[in-house]
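# Notes for the structure review
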Amino acid sequence: MRISELEYSNLNISNEDILEAMKEIPGYLDITPKDFLELYHKAYRHALGRLKSAIKARHIMTASVVTIDEHKPLADAAQLMANFDISGLPVIDRQGQVSGVISDKDFLKHMNITEQTSFMHVILSCLDSPNKCLARDLKGLLVKNVMSSPLISVGLETPVLEVADILESNRINRVPVLDQEFKLAGIIARSDLVRALS
Amino acid sequence: MSFFNKMKGGGQSPPAVGLSEILWSWIGAFCGILPVAWLNYNLFNDTDLVFVIGSFGASAVLIYGAIKSPLAQPRNLMGGHIISAIIGVAVFKMFGTYLWLASPLAVATAIAAMHATKTLHPPGGATALIAVIGSQKIHALGFYYAFIPVGVSAFIMLAVALSVNNLSKTRKYPEFWF
């Protein structure tokens, strides 16, 4: 279930629930169950609204980001990703601005296969005939030839739920966080979102 | 919702209170009205001073019987009575020759003033009305009416509410002061 749907499902407090609760509080409560329910619904929506915007991108992002220059050969990107055990990197242009993101998905996309290529396809191709190993297609390419652009990014103050929406609707696994001057401030991966919610 | 549909109600009434709440309400009201009635009938009987007016019976319902209600809190009790008393006396002084007009004017204006000052206290409406329709003794007090009986008696009842309402384990008064 999505968090935005909570609004409609968790409000099922019955009249009896309220009457029982009122009996548990000693003393005369100057409110009808119906008024209480209306109050509860409105308060719930306020709380939900507050939750939706309380946690911002800057709270959950990883601030120390490994990046790569867009003019570097693709092998350098692969080396970095292997060394740091990560599956994607923000790409920086000559002006020091983030120009895109490169991930293992982008590597797969640029191998000469028309169908959706997976890591296992690459393994198979290399095992079957080393000369036709799919990874060979990537030789000579530069980071900027392969990276995903235009850049999808979020701001420091973007609410976390909005970040989740951006990852989900663009089917991406990480998104760079830019500061007010559009400089790279951090990165949020799907795993950061899970950590924020746990 | 249409005009007539609104009259159907449709909601449920709150549950009844327990026996201990009924007892504490009785004790509170007895102890609260006792001193003001005693002052009225014993100490100041031969003077022009009045200590007890009808609206204190209504205040007793709130400050001893529905102590959690926002209407029953000190701000509302004191503010509601004093503001309404001043308005009642002022309206009587201006429109006292037309009691049919002064009466609704005093009550309606008192309610508006209590709303505006966040001091809504239902007995305040009675306090304003009594300033208009009250006895010669009340009329003779002028604006003094807002001090004695209204202010002082409300204060005595508040002092009793603070002590009696906090004797029971399950009761606490006030919810807020201002």
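Residues numbered from 1 in each chain as written. Chains lettered and ligands numbered in written order. Predicted model: local features only at pLDDT ≥ 70, side-chain atom pairs only at ≥ 80, totals over all residues.

### Focus: the overall build of chain B
From N to C terminus, chain B includes seven helices and zero strands. Secondary structure elements of chain B occur, N-terminal to C-terminal, as α-α-α-α-α-α-α. Considering chain B as a whole, with its 178 residues, one finds that 40% of them fall into the buried category. Pairs at least 24 apart in sequence give 72% of the contacts found in chain B among residues at least 6 apart. (Helix = DSSP H or I, 4+ residues; strand = E, 2+ residues; numbered from the N terminus. Buried ≥ 20, exposed ≤ 12 C-beta atoms within 10 Å, placed from the backbone. Contact = placed C-beta atoms within 7 Å.)

### With respect to the confidence of the model for chain B
Mean pLDDT over chain B stands at 93; residues scoring 70 or higher make up 100%. With pTM at 0.69, the complex prediction returns an ipTM value of 0.73. (pLDDT = per-residue confidence, 0-100.)

### Comments concerning the pairing of strand S2 (residues 88-92) of chain A
All names here are of chain A. The buried count for S2 comes to five of five residues, which makes it a mostly enclosed element. Side chains of S2 alternate between two faces, with Gly88, Pro90 and Ile92 and Leu89 and Val91 buried alike. In the sheet, strand S1 (residues 68-69) pairs with S2 via two bridges, with the strands oriented parallel. Across the sheet, the residue bridging to Asp69 is Ile92, located in S2. Pairing between S2 and strand S3 (residues 98-103): five bridges, direction antiparallel. Among the inter-strand pairings, Ile92 is bridged to a residue of S3, identified as Val98. With antiparallel pairing between neighbouring strands as the criterion, S2 and S3 make up a hairpin whose turn holds five residues, including Gly96 at a positive phi of roughly 85°. (Pairing = 2+ DSSP bridges.)

### Overview of the sheet that holds strand S5 (residues 174-178) of chain A
Residues and elements named next belong to chain A. A sheet is described by the order of its strands in space; here three strands give the open sequence S4-S5-S6, paired in mixed fashion. Each edge of the open sheet carries a strand with a single partner, namely strand S4 (154-155) and strand S6 (184-189). The pairing of S5 with S6 spans five bridges and is antiparallel. Bridge pairing in S6 places Arg174 opposite Ala189. Sitting on the sheet, helix H9 (residues 160-170) touches S4, S5 and S6, and the angle it makes with S5 is about 135°. (Axes fitted to C-alpha atoms, helices over the stretch in contact; angles between N-to-C directions.)

### Considering the interface of chain B and chain A
With 16 residues of chain B at the interface, the matching set in chain A holds 13 residues. Grouping the constituent residues of the side of chain B that touches chain A by class yields six nonpolar, seven polar and three charged. (Nonpolar A, V, L, I, M, F, W, Y, C, P; charged D, E, K, R; others polar.)

### Concerning the packing of helix H3 (residues 74-95) of chain B against helix H7 (residues 147-164) of chain B
Residue and element names in this part refer to chain B. Their axes nearest at 9 Å, the elements H3 and H7 cross at an angle of 165°. Taken together, H3 and H7 sit at an angle that is classed as roughly antiparallel. In the packing of H3 onto H7, the handedness of the crossing is right-handed. Facing H3, whose interface residues are Pro74, Leu77, Met78, His81, Ile82 and Ala85, H7 presents Val150, Gly151, Ala154, Phe155 and Leu158. Looking at the contact of H3 with H7, its residues break down into nine nonpolar, two polar and no charged. (Parallel < 35°, antiparallel > 145°, perpendicular 65-115°, else oblique. Left-handed = near helix turned anticlockwise from the far one by under 90°.)

### Structural notes on the environment of A:Val98
All names here are of chain A. With respect to the helices and strands, the residue Val98 is situated in strand S3. Since 23 C-beta atoms lie within 10 Å of it, Val98 is described here as buried. In sequence terms Val98 and Thr67 are 31 residues apart; their C-alpha atoms lie 9.0 Å from each other.

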